[in-house]
Structures are given as structure tokens and as C-alpha cells.
Amino acid sequence: MYRTADGEEIFVIDGHMHFWDARPENWRNKYGEGWIRCFYDYHTSLSPEEYLWSFEKYCKYDEETLVNDLFFEGYVDVGIFNSTYLTEFYKEGFNTHRQNNVLKQKYPERFILCGTFDPRQEAQGLEELRQMARDYPVQGIKLYTAEWRDGSRGWSLADEWAYKHLEVCQELGIKNIHIHKGPTIYPLDKDAFDVHDVDHAATDFPELNFIVEHVGLPRLDDFCWIAQQESNVYAGLAVAIAFIHSRPRYFAEILANLLYWLGPEKLLFGSDYALWSPKWLVEKFINFELPVDVQEEYGVELSMETKRKVLGENAARLYGIDITARQEQLRQDSIGRQLAEFS
Amino acid sequence: MSQVTQEPYCHTPIPAGVWQQLRGVLDPEIDESILELGFVESLRFTGDELQVELRFPTTWCSPNFAYMMAEDVRRSLLDVGSVRQVLVLLKDHFTAERIEAAVNAGRSFKDAFPEEALSNLDELRLYFLQKGFLKRQEGLLRSLLQARLSYMEIAGLAVGDLEISDDVCRIRRDDGRWSAIDSTEQADRYLRRRAQLGLDCSQTAALVTDVFGDSIPADRLRQHYIMARTVRVAQEANSSMCCALLDARKRGLSR
């Protein structure tokens, strides 16, 4: 929770965070190393200097660090585990729902656990999806269409088997589908950023919500056209919001576009921790103002009410969280009690 | 647009003409010159061979765009009179070997990645040429709006109503008078891209068209401008991201 200078409390849901294991002993091949180095590049490029980690720490941080950076330092009330598998790059996976569930069990009200599916597994995948929902408290799904599997370099949300998996999600009541459309990797000639497949799925599954993580960057424009047409497509601000420090003007323009095309109800804050730390992102976002010329040109404003929505209320609505009731629960858990002692 | 303006390191004297050619090679996603973006690391000219070392913002730069830039560098430098051979090297890129082998032998992207690439890159190239077209046009439109032209008046403009000479850009108004507009570079870049896309550039053709060369009625022009603006912001965000990554890389933060 963030408390403003005049005492207003802002409930914060970090819509995109990780607890990854990228230790060299977990690298399956050169891609495991390449992947975490790529993440580290993003970390060093956009973080304020005082928040830079060593590469070693970046490869593996412990539970205490995460709990501190999110809940004690970073104003976060609830974090959404965007589980990421990459089992072709990491022996035990990068941060699977199994790994993330350990923290979910310790602090059940502090985390939302996302699972996944891979349509290339076809019928077996449907069974695994059902099994996962039986065994784990999965409330959302994280998809990565550029993920490698058995020689394949990616898939599309519009594929026949993707649809069959989405049908099962609907049946199981797993409504929120986070889909990564962002940083560079394969497939080669189609390029992995293409967001158009979301359009098809969103139209055909009106009961599901599609949260496009990283707002389709670098395809912000294509994403905006789709999200404007589809009432169930949302913008996950992870990566985009990290511009706020070193490139505030671009962040202002990106945000103005999102507010113009999607409106304040469809934007979700996400730090992408440990890519970046929520502390500085939340602080800078709360204090951020759109330049006057941008406000005038786009006819949008970034009010405190909009900030509240982006930082927590929108994600709470998608996940059926009653903020007042949840705050009361959070005050009672071990983190909440420690926070009360500090203040 | 670029924040990084680092000159390439020259191991030897470099033939005249090379710089202009390199300036013309664009990052297709960003629509900016790779020279200005700081992607050209070093140059070496021995005998009649020019060796060009490129370094992209990350090891993981998408291979399709890496290939396109490497290919464009080679092709454009082969047009320089004293250069008979060009060797393009990608420094610290995860598919450097395959891209170098294909590009330097004049082979296609599909040849470089036979088991992975489904097709060649023409479609993707066109898609980004069109995005660049919109970005450049947005700059021109912005200047026209700043000069207080109405959408109605803009919709009626023809290519011949725009005059670019000696760093001055003028537009012929409804009443026949000429007004200066602040858009020389954008307007020039816009017209060049328009020609590159094979669209009608004759004096009587509509000045503002969609990516297929069709004119846009006045009542749809505002919406068109708003969309073009988003296309521009997306490209600038990419440029900004690439520059931030490259900057960190050059400062040695990431290694």
C-alpha cells in the first residue's frame, strides 16, 4: 500500500512479477545464459543507478529479498506470479507455477498464481491443464507464444489447439489470460511481437480477459487497434512503465496513447520484478504528470483516480478482489503484522 | 531521435561515399539510420574490401531485422566505386555466424535459417516501410496543423502544393499564398518513402494519402492523423528502448 502525502491509501497489485532461478547450474544450454543476460541488459538499461543489482544476485535472489522488495519496500499488496517455464533453456524451468507455489502457500493472500498451457501438446496438454488446476491454486494463465518446444519456435493464440485449451480455461473458471507480447526472441521471419492472434481469441472468447503484457511493445500501435475494438483486452504495463525514469517523455506519450485508445479502466501496473523493482516504479508513477502539451494534444489526463485504477483497482476487478476485505486480511498475515510494527 | 551518437571506429582511411551510403541504411523497425543509432561499430578498408562491424543493442536482436540491416549495409556499400567486396560482421549477436555466412555470400534469409524461417522477409519489410511512411507523414501533418491549416484544407492539398528548397518548406494555401511550415526534413523523407513504396508522386496527386496511395476525405483525416501519431509513438518507443540498451552496453553496465 502506498500512502500519499495527504494520507490517501493506494492499494497496489503488481500485475507482473517473478521469482526466477537463473543460476548457472540451472542453465540447460547457452540459451539459459543468453536469456538472463538479455533480462540483465533491460535491467541495467532502464533502472536508476541506485537500484542496480550485480549479475550474480540477478541470477538468483532469495525469498527474503523478494518479500522485502515487494511488500516492505515496494508498496505492493498483492503480486501476480507470471510463471515462465523455458524448460528448453533451464533444467528446472525459469519460474514455473510449481516453484512459485512455494511462496503462494506461505503467503496465500499476497500472491495470485498463474499457470500455463502449451497447445502444441494437444490432447495431453488439455489433461495437464486440468491436472494443474486440480493440484495448484491457479487463478490465471501466462502464455508465451514464442516459447520453444521440440524444434518448434512458437505458436499462435489463434491455433485450433490453443482454442481447445482456452475452452478448458473457460470451463475451469480461469478467466485471466496473461499473454507475453514484448521483448525479442524467435520465431524468425514472422517475428515474435506480432499481436494479431490476440484479436481472434478475444473475439471468440468474450468471457475471458486477455492481458497483453508489455502492451505489445514494440508493436504498441497494433496493440492499440486491437484493444480498442475488444472490450476484454487489457494492457499490462510491465516494461513500458520502466521508461518512466530514463525516458519520461516517451513514457508520457505511450501512456497518453493507452489512455486515449483503451481508457483508464484497462491498464494494469506491473513491475516485471526482478527486471525492475516496484519501489521506484510506484513512487515515480504516483508523482508522474503528463506534460501539458501531451494532455492537450491527446485530450487525456492522468488523475490520482486513474493512478489508483492502474495501480490496483483494475487488477482487483479482474481477479474479483474486494480491496477493503483483502486489506483487512493482509493486516493479519506475518508481513502485515511486521509492516504495522514499522509504521 | 537517437540519444547515442557514437562515431564508428575507423582502422584505416575510408573511401568517400561510404558515409552517405551507411546513412541511408535504416533500422526497419525504427526508421532511423543505423549510423545515427550508433549500430556501426568499426570500419576497415584493405585492398578493395570494406569490412564493417555492426553491433546491435542486444545479443538477442531479432534475427530477421539483424539480417535485413546486414544485407542493406552490404548492398549499399557495393555501390561505392572503390569498394569491390564487403564483409559484414555482427559483433556479439547470437546468430552472427549464420547471418554473416548468408549475407556475405549474397544468400537469402531463408538460406540462413532453412529449418526455421518460413519465408523471406519481403512482407515484413513492406510492413515496416508502410509504418515508416505513416511516421514521416505524421510529422508533416503535425506541421500543417501547427501552421493552422484545417483538415478540410489539408485534404485538398496536392503534392505540387508542397515546395522544399534550400532548407525551407512551403505550402500553397487555398487563397494561392505560400506559407512556410516547419517540416523540411520530415516532408522530404515522406516524399522519398512515398516514391519508394511506388505511390503516385506527381504534382496533382493528393499530398496526404493512406499507405496504398488512396486519398483521405476531410472527415476522416483527423482519425487518420491520430492513428499515424500512435504509429510514430510506437516507433519512437522502440528507438528509445534500443538506444537505452545500446547505451548501457557501451557503458559496460551489462557485461
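Residues numbered from 1 in each chain as written. Chains lettered and ligands numbered in written order. Predicted model: local features only at pLDDT ≥ 70, side-chain atom pairs only at ≥ 80, totals over all residues. Heavy atoms only, no water.

### Focus on the overall build of chain A
Link 1 in the chain: Along its length, chain A carries 15 helices and 10 strands.
Link 2 in the chain: The globule rule puts the C-alpha radius of gyration for 343 residues at 20 Å, and the 19 Å found for chain A is close to it.
Link 3 in the chain: On the principal axes, the C-alpha backbone points of chain A span a range of 55 × 45 × 40 Å.
Link 4 in the chain: Contacts in chain A between residues at least 24 apart in sequence constitute 77% of all its contacts with a sequence separation of at least 6.
Link 5 in the chain: When the accessible surface of chain A is split by element, carbon and sulfur atoms take 45% of a total near 12,700 Å².
Link 6 in the chain: Each charge class in chain A was averaged separately, 35 positive and 57 negative side chains, and the resulting centres sit 4 Å apart. (Helix = DSSP H or I, 4+ residues; strand = E, 2+ residues; numbered from the N terminus. Rg over C-alpha atoms; globule rule 2.2 N^0.38 Å. Contact = heavy atoms within 4.5 Å. Areas by Shrake-Rupley, 256 points an atom, 1.4 Å probe, with all protein chains shown as cover. Lys, Arg positive; Asp, Glu negative; His and termini not counted. Charge placed at Lys NZ, Arg CZ, Asp CG, Glu CD.)

### So, unusual backbone geometry
Link 1 in the chain: With omega at 5 degrees, the peptide bond leading from Y273 of chain A into A274 of chain A counts as cis.
Link 2 in the chain: Among the secondary structure elements, A274 of chain A is positioned in the loop between strand 10 (267-268) and helix 11 (278-286).
Link 3 in the chain: You will see that L86 of chain A, though not glycine, has its phi angle at about 50 degrees, which is positive.
Link 4 in the chain: Mapped onto the elements, L86 of chain A comes out in the loop between strand 4 (78-81) and helix 4 (97-106).
Link 5 in the chain: Positive phi is not limited to glycine here, since D31 of chain B has a value of about 65 degrees.
Link 6 in the chain: Structurally, D31 of chain B is set in the loop between strand 2 (26-27) and strand 3 (32-33).
Link 7 in the chain: Residue D31 of chain B is classed as buried on the basis of its relative accessible area, which comes to 2%. (Buried < 20%, exposed > 50% of the residue type's maximum accessible area, 1.4 Å probe, protein only.)

### Description of the nonpolar core
Link 1 in the chain: Membership of the largest hydrophobic core comes to 141 residues, with the highest contact counts inside it found for W20, I36, L66, F210, F223 and L258 of chain A.
Link 2 in the chain: Here this core gets 11 residues from one element, more than from any other, and that element is helix 9 (residues 218-250) of chain B.
Link 3 in the chain: Among all residues touching F223 of chain A, those that are not within four sequence positions of it are V195, V212, V215, G216, V233, Y234, A235, L258 and L262 of chain A.
Link 4 in the chain: The next biggest cluster of nonpolar side chains, apart from the first, holds 43 residues, and it includes L90, A102, L124 and C242 of chain B. (Core = buried A, V, L, I, M, F, W, Y, C linked by side-chain atoms within 4.5 Å.)

### Some remarks on the packing of helix 6 (residues 122-146) of chain B against helix 9 of chain B
Residues and elements named next belong to chain B.
Link 1 in the chain: Running from amino to carboxyl end, helix 6 crosses helix 9 at an angle of 120 degrees, the nearest separation of the two axes being 8 Å. With respect to helix 9, the element helix 6 is oriented oblique. Helix 6 and helix 9 meet at a crossing whose hand is left-handed. In this structure, helix 6 uses K131, G132, L134, K135, Q137, E138, L141, R142 and L145 to contact helix 9, whose residues at the interface are H224, Y225, A228, R229, V231, R232 and Q235.
Link 2 in the chain: Residues that form the contact of helix 6 with helix 9 fall into these classes: six nonpolar, four polar and six charged. (Axes fitted to C-alpha atoms, helices over the stretch in contact; angles between N-to-C directions. Parallel < 35°, antiparallel > 145°, perpendicular 65-115°, else oblique. Left-handed = near helix turned anticlockwise from the far one by under 90°. Nonpolar A, V, L, I, M, F, W, Y, C, P; charged D, E, K, R; others polar.)

### Description of the pairing of strand 4 of chain A
Residues and elements named next belong to chain A.
Link 1 in the chain: The side-chain alternation of strand 4 yields two buried faces, one formed by V78 and I80 and the other by G79 and F81.
Link 2 in the chain: Here three bridges tie strand 3 (residues 13-17) to strand 4, and the two strands are oriented parallel to one another. Along strand 4, the bridge assignment pairs M17 with F81.
Link 3 in the chain: With three bridges joining them, strand 4 and strand 5 (residues 111-115) adopt parallel strand pairing. Residue F81 lies in a different strand from strand 5, and its bridge partner there is L113. (Pairing = 2+ DSSP bridges.)

### Focus: the pattern of salt bridges
All names here are of chain A.
Link 1 in the chain: On inspection of all chains with the given rule, the structure shows 42 salt bridges over all chains.
Link 2 in the chain: Between E109 and R326 there is a salt bridge, and its shortest N-O distance comes to 3.8 Å. With E109 in the loop between helix 4 and strand 5 and R326 in helix 14 (residues 323-332), the pair connects residues that are 217 residues apart, well separated along the chain.
Link 3 in the chain: Since its relative accessible area comes to 26%, E109 is described here as partly exposed.
Link 4 in the chain: By relative accessible area, which is 15% here, R326 ends up buried.
Link 5 in the chain: Across the pair R134 and E127 runs a salt bridge, and its minimum N-O distance is 3.2 Å.
Link 6 in the chain: Given the relative accessible area of 54%, R134 is considered exposed.
Link 7 in the chain: According to the relative accessible area criterion, E127 is partly exposed, its value standing at 40%. (Salt bridge = Lys/Arg side-chain N within 4 Å of Asp/Glu carboxyl O.)

### A few points about the packing of aromatic side chains
Residues and elements named next belong to chain A.
Link 1 in the chain: Throughout the structure, instances matching the rule amount to 34 aromatic pairs over all chains.
Link 2 in the chain: Ring plane angle 85 degrees and centroid distance 5.1 Å describe the contact between Y260 and W261, whose orientation is recorded as edge-to-face.
Link 3 in the chain: In this structure Y260 comes out as partly exposed when scored by relative accessible area, which is 27%.
Link 4 in the chain: Sitting over the ring of F55, R37 keeps its end group 4.2 Å from the ring centre.
Link 5 in the chain: It is K60 that lies over the ring of F19; its NZ or CZ is 4.2 Å from the centre. (Phe/Tyr/Trp six-rings, centres within 6.5 Å; stacked < 30°, edge-to-face > 60°. Lys NZ or Arg CZ within 6 Å of the ring centre and 35° of its normal.)

### Focus: the sheet that holds strand 6 (residues 138-143) of chain A
All names here are of chain A.
Link 1 in the chain: Strand order across the open sheet formed by eight strands is 3-4-5-6-7-8-9-10, with parallel pairing between neighbours. The sheet is open, and its two borders are formed by strand 3 and strand 10, each paired with just one other strand.
Link 2 in the chain: Direction of pairing for strand 7 (residues 176-180) relative to strand 8 (residues 209-213): parallel, over a ladder of five bridges. Counterpart to I177 in the pairing with strand 8 is F210.

### Points about the side chain of S240 of chain B
Link 1 in the chain: By the secondary structure assignment, S240 of chain B is in helix 9.
Link 2 in the chain: In contact with S240 of chain B, other than residues within four places in its own chain, are F243, R247 and Y250 of chain A.

### Here's the deal with the side chain of S42 of chain B
Residues and elements named next belong to chain B.
Link 1 in the chain: Note on placement: S42 falls in strand 4 (residues 40-46).
Link 2 in the chain: Only 2.8 Å separates the side chain of S42 from the side chain of E53, close enough to count as a polar contact.
Link 3 in the chain: Once residues lying within four places of it in the same chain are set aside, the contact partners of S42 are P8, Y9, H11, Q51, V52 and E53. (Polar contact = N/O pair within 3.5 Å; in protein donor to acceptor, adjacent residues only side chain to side chain.)

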